[in-house]
Amino acid sequence: MKKILSKSHIQLSQIFLRIPVFQKQVKQNQHQSLKRRFRIASQQLENNTLEISLAVINDLEQIAYTYPQYHWTIVDILTSFVRKNAPYIPQEEVTSHVSTKIRLDIQAALTVIARRDANKDPVNEQLDLSFTDIRGANLKGANLQQINLYQANLAGANLRKANLAGAILSAANLEGANLYLANLEGAILSAANLEKANLSKANLHRASLYLASLHGAILYDTILDEANLRETKFSE
């Protein structure tokens, strides 16, 4: 019995000694597996059907939720996808055959970006959706604080109750957008087109509206204290 117990003790000791090594191998394999999934996901987003793109976007959101350390990597993949597949079209190049309806996979990517846990965003990183054409996008309640939307086309977009504090919206097209109760505190809206936009109860405290156009905009109970309204164009 002594010999059996002694032998068992040695075997157990050896097993316990191997556990940290095994755990390290599992983590390495897991990391490599996720990196492979990211690579495949990027390829599939570019070269596959709408159904596959939607499935990939959903998979990426689940990875971001399960593995917070890859949160920003996934956000970067999705913002890059939107920039590449919904590029800004200059107004003079817009023709009648250009659809104003946002693609389902673009909307899906924007939805994931909008409902991400912003507390996991790196301190020195910024969401970048500049030079994009996302007309009619549904971004209700989206957390887009400090986002770069320079010269983005958001005409007719639903930004009701969205957080756009400190956002860069210079030269952006927000014609007819719904910004009811949106937080635009400190946002830069220089030369932005806000014609016919609904800004009711929106917070524009200390926002810059220099050279912005607000012809026909709805401004009921809009907070404009300390906003820069120099050369802002209002309805006559």
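Values in this document were obtained by computation on a predicted structure and should not be read as measured data. (Residues numbered from 1 in each chain as written. Predicted model: local features only at pLDDT ≥ 70, side-chain atom pairs only at ≥ 80, totals over all residues. Heavy atoms only, no water.)

1. Points about the overall build of the chain
No. 1: The helix and strand tally for the chain stands at four helices and two strands.
No. 2: For the chain, the N- to C-terminal ordering of α and β elements is α-α-α-α-β-β.
No. 3: Per-residue burial for the chain yields a buried fraction of 39% across its 236 residues.
No. 4: Counting only contacts in the chain whose residues sit at least 6 apart along the sequence, the fraction spanning at least 24 positions is 26%. (Helix = DSSP H or I, 4+ residues; strand = E, 2+ residues; numbered from the N terminus. Buried < 20%, exposed > 50% of the residue type's maximum accessible area, 1.4 Å probe, protein only. Contact = heavy atoms within 4.5 Å.)

2. Observations concerning the confidence of the model for the chain
No. 1: Confidence along the chain averages 86 in pLDDT terms, with 81% of residues attaining 70 or more.
No. 2: Counting contacts from residues 21-29, a segment whose pLDDT is below 50, to residues more than four positions away or on other chains yields zero contacts. (pLDDT = per-residue confidence, 0-100.)

3. Let's talk about unusual backbone geometry
No. 1: Positive phi, normally seen in glycine, also occurs at Gln 151, with a value near 55°.
No. 2: Here Lys 201, not a glycine, exhibits a phi torsion of approximately 60°, which is positive.
No. 3: Its location among the elements puts Lys 201 in the loop between α4 (104-114) and β1 (213-214).

4. Observations regarding the nonpolar core
No. 1: Counting 61 residues, the largest nonpolar core has Ile 134 and Leu 164 as the members making the most contacts within it.
No. 2: Listed by contribution, the elements that provide at least two residues to this core are α1 (2-47), α2 (50-66), α3 (71-85) and α4.
No. 3: The element best represented in this core is α3, accounting for seven residues.
No. 4: Ignoring anything within four residues of it in the chain, the contact list for Ile 134 reads Val 82, Ala 86, Ile 102, Ile 106, Leu 110, Leu 149, Asn 153 and Leu 154. (Core = buried A, V, L, I, M, F, W, Y, C linked by side-chain atoms within 4.5 Å.)

5. As for the packing of α2 against α3
No. 1: Between α2 and α3, whose axes approach to 8 Å, the crossing angle comes to 155°. Classed by the angle they form, the pair α2 and α3 counts as roughly antiparallel. Crossing angle aside, the handedness with which α2 passes α3 is left-handed. Across the interface between the two elements, Ile 57, Leu 60, Ile 63 and Ala 64 of α2 pack against His 71, Ile 74, Ile 77, Leu 78 and Phe 81 of α3.
No. 2: Considered class by class, the residues forming the contact of α2 with α3 number eight nonpolar, one polar and no charged. (Axes fitted to C-alpha atoms, helices over the stretch in contact; angles between N-to-C directions. Parallel < 35°, antiparallel > 145°, perpendicular 65-115°, else oblique. Left-handed = near helix turned anticlockwise from the far one by under 90°. Nonpolar A, V, L, I, M, F, W, Y, C, P; charged D, E, K, R; others polar.)

6. Things to note about α3
Since the α-helix packs 3.6 residues into each turn, any two residues three or four apart lie on the same face.
No. 1: An ideal rise of 1.5 Å per residue puts 21 Å on 15 residues; α3 measures up with 21 Å between its terminal C-alpha atoms.
No. 2: Taken residue by residue, α3 has His 71, Trp 72, Ile 74, Val 75, Ile 77, Leu 78, Thr 79, Phe 81 and Val 82 as its buried positions. (Expected span 1.5 Å × (residues − 1).)

7. Let's talk about the pattern of salt bridges
No. 1: The tally for this structure, following the rule as stated, stands at seven salt bridges.
No. 2: For Asp 121, the salt bridge is made with Arg 116, and the minimal N-O distance between the two is 2.7 Å.
No. 3: Residue classification places Arg 116 among the buried residues on the basis of a relative accessible area of 11%. (Salt bridge = Lys/Arg side-chain N within 4 Å of Asp/Glu carboxyl O.)

8. A word on α4
No. 1: With respect to burial, α4 is a largely interior element, eight of its eleven residues being buried.
No. 2: Residues of α4 that are buried: Asp 105, Ile 106, Gln 107, Ala 109, Leu 110, Val 112, Ile 113 and Ala 114.
No. 3: In this structure, the buried residues of α4 make contact with α2 and α3.

9. Some remarks on a nonpolar patch on the surface
No. 1: A contiguous nonpolar patch, built from Leu 50, Leu 54 and Leu 104 and spanning about 240 Å² of accessible area, is present on the exposed surface.
No. 2: Mapped onto the secondary structure, Leu 54 falls in helix α2. (Patch = residues over 30% accessible without salt bridge, like charges linked within 9 Å, V, L, I, M, F, W, Y side chains within 5 Å. Areas by Shrake-Rupley, 256 points an atom, 1.4 Å probe, with all protein chains shown as cover.)

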